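# Topology and contacts: notes
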Amino acid sequence: MFRIDITIDSLLPEIWLNIFKYLSIQDRCNLMLTCSYLYTLGSDPTLWKNCRINKRFIAKLGGLPFLRMRRFQYIRTLDLSESDVSSEQIEYLLCELEQNIFIRNLNLGRSRRSCWGTCPGCAASVSSRPGSPPHRSHSC
């Protein structure tokens, strides 16, 4: 009898990336949990750039340091509205925004324990994107 062994890495990475593009976020994450090869492929930043990051997602990941994860290098939308954002987290976020030129939509509306919307320095930070770096001399 003739036998063909087919393994996960029998498909080219480009084909796997194309498959990942058609999966929901949940299915993508589940597939990434099956083996290290698929985890590495599924962490490709181009797969996650249109993923909308919101406060519930951030809570699951344990805070804003997720921005340094390879897969979130190219994210475009970050929604922290109505969340508990401390001054330290805002400072961390502004530092990350200086390095991440891909974030196009940042929502900090009605965030508690922050001065967003009332402080000209912070308003300038958000409105200065994309071109100039965020305002960093302000301490909320």
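When helices and strands are counted, the protein chain shows seven helices and three strands. Along the protein chain, from the amino end to the carboxyl end, the secondary structure elements read α-α-α-α-β-α-β-α-β-α. Taken over 140 residues, the protein chain has a buried fraction of 36%. Contacts in the protein chain between residues far apart in sequence, at least 24 positions, make up 64% of those at least 6 positions apart. For the protein chain, the computed accessible surface area is about 9100 Å², with 55% contributed by carbon and sulfur atoms.

This part takes up the packing of helix α1 (residues 13-21) against helix α2 (residues 25-32). With their axes 9 Å apart at the nearest point, α1 and α2 run at an angle of 140° to one another. Regarding the angle of α1 to α2, the classification is oblique. Here Trp 16, Phe 20 and Lys 21 of α1 come into contact with α2, specifically with Arg 28, Leu 31 and Met 32. Counted by class, the contact of α1 with α2 contains four nonpolar, no polar and two charged residues.

Taken together, the side chains of Leu 11, Leu 12, Ile 15 and Ile 19 make up a nonpolar region of the molecular surface, amounting to roughly 310 Å² of accessible area. In this fold, Ile 15 is placed in helix α1.

Topologically, Arg 71 is positioned in the loop between α5 (55-61) and β2 (77-79). For the buried Arg 71, no salt bridge is present, and the opposite-charge side chain at shortest range is Asp 44, 10 Å distant. Within the structure, the side chain of Arg 71 is placed 2.9 Å from the side chain of Tyr 39, a separation counted as a polar contact. Not counting residues within four places of it along the chain, the set of residues in contact with Arg 71 comprises Met 32, Tyr 39, Ser 43, Pro 45 and Trp 48.

Rules used throughout
Per chain, the residues get numbers from 1 upward, laid out in the order the sequence is written. Selection of residues for local features in this predicted model requires a pLDDT of at least 70, selection of side-chain atom pairs for listing and counting requires 80 or more, and totals for whole chains, interfaces and linings are taken over all residues. Think of the side-chain values as coming from all heavy atoms in the structure, minus any hydrogens and water. To qualify as a helix, a DSSP run of H or I must reach at least 4 residues; to qualify as a strand, a run of E must reach at least 2; elements of each kind are numbered from the N terminus. Any residue under 20% of the maximum accessible area for its type is buried, any over 50% is exposed, and the rest in between are partly exposed; the area is computed with a 1.4 Å probe on protein chains only. Should any heavy atoms of two residues lie within 4.5 Å, those residues are counted as being in contact. Note that accessible areas follow from Shrake-Rupley with a 1.4 Å probe, and for residues the cover is restricted to the protein chains shown. Angles here are taken between N-to-C directions and fall from 0 to 180 degrees, while the axes themselves are lines fitted to C-alpha atoms, restricted in helices to the stretch in contact. Angle categories: roughly parallel below 35 degrees, roughly antiparallel above 145, roughly perpendicular from 65 to 115, and oblique for all the rest. When residue character is reported, Ala, Val, Leu, Ile, Met, Phe, Trp, Tyr, Cys and Pro are called nonpolar, Asp, Glu, Lys and Arg charged, and the others, Gly included, polar. Each patch is built from residues lacking any salt bridge and having more than 30% relative accessible area; the joining distance is 9 Å for like charges and 5 Å for nonpolar side chains (Val, Leu, Ile, Met, Phe, Trp, Tyr). The working definition used for a salt bridge is a side-chain nitrogen of Lys or Arg within 4 Å of a carboxyl oxygen of Asp or Glu. Positive charges come from Lys and Arg, negative ones from Asp and Glu, while His and the chain ends are left out of the count. Here a polar contact is recorded for every N or O atom pair within 3.5 Å, except that within protein the pair must consist of a potential hydrogen donor and a potential acceptor, and residues adjacent in sequence are included only if both atoms are side-chain atoms.

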